[in-house]
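Residue-level structural notes
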There are 4 protein chains.
Amino acid sequence: MTDHDTTVAELRKRMAAFVQERDWEQFHDPKNLAASIAIEAAELMEHFQWVPSERSGAVRDDPVALGEVAEELADVFAYALSFANALDIDVTGALFAKLEKNAAKYPADSYYGRYE
Amino acid sequence: MTDHDTTVAELRKRMAAFVQERDWEQFHDPKNLAASIAIEAAELMEHFQWVPSERSGAVRDDPVALGEVAEELADVFAYALSFANALDIDVTGALFAKLEKNAAKYPADSYYGRYE
Amino acid sequence: MTDHDTTVAELRKRMAAFVQERDWEQFHDPKNLAASIAIEAAELMEHFQWVPSERSGAVRDDPVALGEVAEELADVFAYALSFANALDIDVTGALFAKLEKNAAKYPADSYYGRYE
Amino acid sequence: MTDHDTTVAELRKRMAAFVQERDWEQFHDPKNLAASIAIEAAELMEHFQWVPSERSGAVRDDPVALGEVAEELADVFAYALSFANALDIDVTGALFAKLEKNAAKYPADSYYGRYE
């Protein structure tokens, strides 16, 4: 299964099953899950801690490092999906709503090539 | 569109379009995106900063707070999906591989109801 | 040397010497150091990831865990002091100014026992 | 008062007084404080979110931005000192012990100008 044939709901269901099989819902409250996302994001950052931004894309050409980075990214998604599960938030709806809001805040023509 | 009828690839494509329309790929290197995920995760945490874990689920019954939390979660997903785009990482593949690894590390029977 | 007989300037000087002896100032720019503080803060959080807030003080009675936690806290201070060094920020001045600002924002009588 | 005439113990005492005057010790458990350090570290990072590492030092020449950055750094110190207070950790002792450990791990001659 790949991103092309997998719905967000399927990813969420898979996460929920993993958590339920271990009776871990009791630990998966929003406070703990938000902290867990931050912890995994920090582990992802650590891979680029001393690398200049413009050279950080070089990880693409290093299969071992790329595999580690993919694993950290998977952890971010695991907890972010669990967070959505814990509060029944539709990720697709929330993301599309946020992008619409951001599109109004950052019109493509006036923010072309600049972020402020 | 909801999580039930949207593939991960469609979410990624939507994010990529948003970034391309603003010529923002130049800022979206892995180092900056990893930091951005951490920044948004921290904003999510802030909603629960002084709330005890076991009461953090109460956000479910407060529509205004839940809306704000959903928006922060959307930001986490936005940057996590952009990170996957920047390095062509298949999120579904990475997540399923990580869950398989974790299933071996934390067998359901010996970790039932405990995390260590 | 303890917190009672050590000035903040002495801590900073010690950090600066450690960095200079390794010619690491080149990596210690504000962006990298801010990320480094966040990374160490996340490692500190990890010790309490699944522990309810009200039980997190129990680490006090576990000498091994307390030692690990003290080490993570030291890392937070190491990078925060290096950040101050990198930009010549007087920590004492900045902290006292911020506390004065916060004292006006959160008057002790109206915020007694509550944070919002 | 500046970093030159202020001991770490005096900073800690000042933080403790601020917290006690508001009866906030009840919220200042290690789990909440670790998350608070991470939240403030993320706000510090936000100032450099899209700035390349090597240009992030330019904040030095922008008094307004430097003032904001100093304020975020003060917040990091505020919570890090409160964390030390909550668990009676001697910051100076912990930092010097960690630097000694790191000096053994990263000998100055073999790590001169490199971090790995």
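Within each chain, residues carry numbers counting from 1 in the order of the written sequence. The order in which chains are written sets their letters, starting at A; the order in which ligands are written sets their numbers, starting at 1. Per-residue local features are limited, in this predicted model, to residues with pLDDT of at least 70; the limit for side-chain atom pairs, both in listing and counting, is 80 or more; totals at the level of whole chains, interfaces and linings are taken over all residues. By convention in this description, side-chain values take in all heavy atoms of the structure and omit both hydrogens and water.

**A closer look at the nonpolar core**
In these notes, a set of buried Ala, Val, Leu, Ile, Met, Phe, Trp, Tyr and Cys residues joined through side-chain atoms within 4.5 Å is what counts as a nonpolar core. When a residue's accessible area, from a 1.4 Å probe over protein chains only, is under 20% of the maximum for its type it is buried; when over 50% it is exposed; and in between it is partly exposed. Core analysis: the largest hydrophobic core is formed by 167 residues, its most contacted members being A:F83, B:F83, C:F83 and D:F83. Contact criterion: two residues are considered in contact whenever any of their non-hydrogen atoms come within 4.5 Å of each other. Apart from residues lying up to four places away in sequence, A:F83 is in contact with A:P30, A:L33, A:A34, A:I37, A:I89, B:L44, B:F48, B:V69 and B:L73.

**Re the relation of the copies chain C and chain A**
The copies were overlaid with a least-squares fit restricted to C-alpha atoms from residues scoring a pLDDT of at least 70 in each copy. Of the transformation placing chain C onto chain A, the axial shift is 0.0 Å and the rotation is 180°, giving an RMSD of 0.0 Å. Here the transformation between the copies is reduced to the relation of a two-fold axis. No C-alpha of chain C lies nearer the rotation axis than that of C:A42, which sits 3.2 Å from it. The overlap is high: 94% of the interface residues of chain C also sit at the interface in chain A, so the same surface is used on both sides.

**Comments concerning the packing of helix α2 (residues 30–46) of chain A against helix α3 (residues 63–87) of chain A**
Each pair of packed helices can be described by the angle between their axes along with the distance between the axes. All names here are of chain A. Here α2 crosses α3 at 165°, and the two axes come no closer than 9 Å. By the angle class used here, α2 and α3 are roughly antiparallel. In the crossing of α2 with α3, the sense of the turn from one axis to the other is left-handed. Contacts between α2 and α3 involve P30, L33, A34, S36, I37, E40, A41, E43 and L44 from the former and V69, E72, L73, D75, V76, Y79, A80, S82, F83, A86 and L87 from the latter. The axes are straight lines fitted to the C-alpha atoms, using for helices just the contacting stretch, and the angles between their N-to-C directions are given from 0 to 180°. Helix and strand definitions follow DSSP, with helices as H or I runs of at least four residues and strands as E runs of at least two, each counted in order from the N terminus. Throughout, the term roughly parallel applies to angles under 35 degrees, roughly antiparallel to angles over 145, roughly perpendicular to angles from 65 to 115, and oblique to all others. Working rule for handedness: look at the near helix, and if it is turned counterclockwise from the far one by less than a right angle, call the crossing left-handed; if clockwise, right-handed.

**What to know about the relation of the copies chain B and chain A**
You can overlay chain B on chain A at an RMSD of 0.0 Å; the transform is a turn of 180° with a shift of 0.0 Å along its axis. A high fraction, 100%, of the interface residues of chain B reappear at the interface in chain A, so the copies pair face to face through one surface.

**A look at the pattern of salt bridges**
A pairing counts as a salt bridge when a side-chain nitrogen of Lys or Arg comes within 4 Å of a carboxyl oxygen of Asp or Glu. Counted under the stated rule, the structure contains 24 salt bridges over all chains. Across the pair D:D3 and C:R12 runs a salt bridge, and its minimum N-O distance is 2.6 Å. Of this pair, D:D3 sits in the segment before α1 (8–21) while C:R12 sits in helix α1 (residues 8–21), each in a different chain. The same class applies to D:D3 and to C:R12, which are both buried.

**A word on the environment of B:Y111**
Tracing the chain through its elements places B:Y111 in the segment after α4 (91–105). For the pair formed by B:Y111 and B:P30, sequence separation is 81 residues and the distance between their alpha carbons is 34 Å. Setting aside chain neighbours within four positions, we find B:Y111 in contact with A:R22, A:W24, B:K105, B:Y106 and B:E116.

**What about the interface of chain C and chain A?**
Contacts between the two partners involve 17 residues from chain C, matched on the other side by 16 residues from chain A. Any N or O atom pair separated by 3.5 Å or less is treated as a polar contact, with the protein-specific requirement of one donor-capable and one acceptor-capable atom, and with residues adjacent in sequence counted only for side-chain atom pairs. Applying the counting criterion to the chain C and chain A interface returns 2 residue pairs in polar contact (both at pLDDT 80 or more). Ranked by residue count, the leading element in the side of chain C that touches chain A is helix α2 (residues 30–46) of chain C, at 11 residues.

**Brief notes about the interface of chain B and chain A**
The interface is formed by 79 residues belonging to chain B together with 80 residues belonging to chain A. Reported buried area values correspond to the accessible surface (1.4 Å probe) lost by two parts on association, with both partners' losses combined. Of the roughly 7,000 Å² buried at the junction of chain B and chain A (both faces included), carbon and sulfur atoms supply 69%. Of all residues in chain B, B:D3, B:K31 and B:F77 bury the most surface against chain A, accounting for 10% of the area lost on that side. Along the contact surface separating chain B from chain A lie 10 salt bridges. Taking the shortest distance from any N to any O, the salt bridge between B:R60 and A:D88 comes out at 3.5 Å. Between the two partners, chain B and chain A, sit 41 residue pairs in polar contact (both at pLDDT 80 or more). Looking at the side of chain B that touches chain A, the elements with two or more residues in it are α1 (8–21), α2 (30–46), α3 (63–87) and α4 of chain B. Examining the composition of the side of chain B that touches chain A, we find that 16 residues originate from one element, α3(B), more than from any other.

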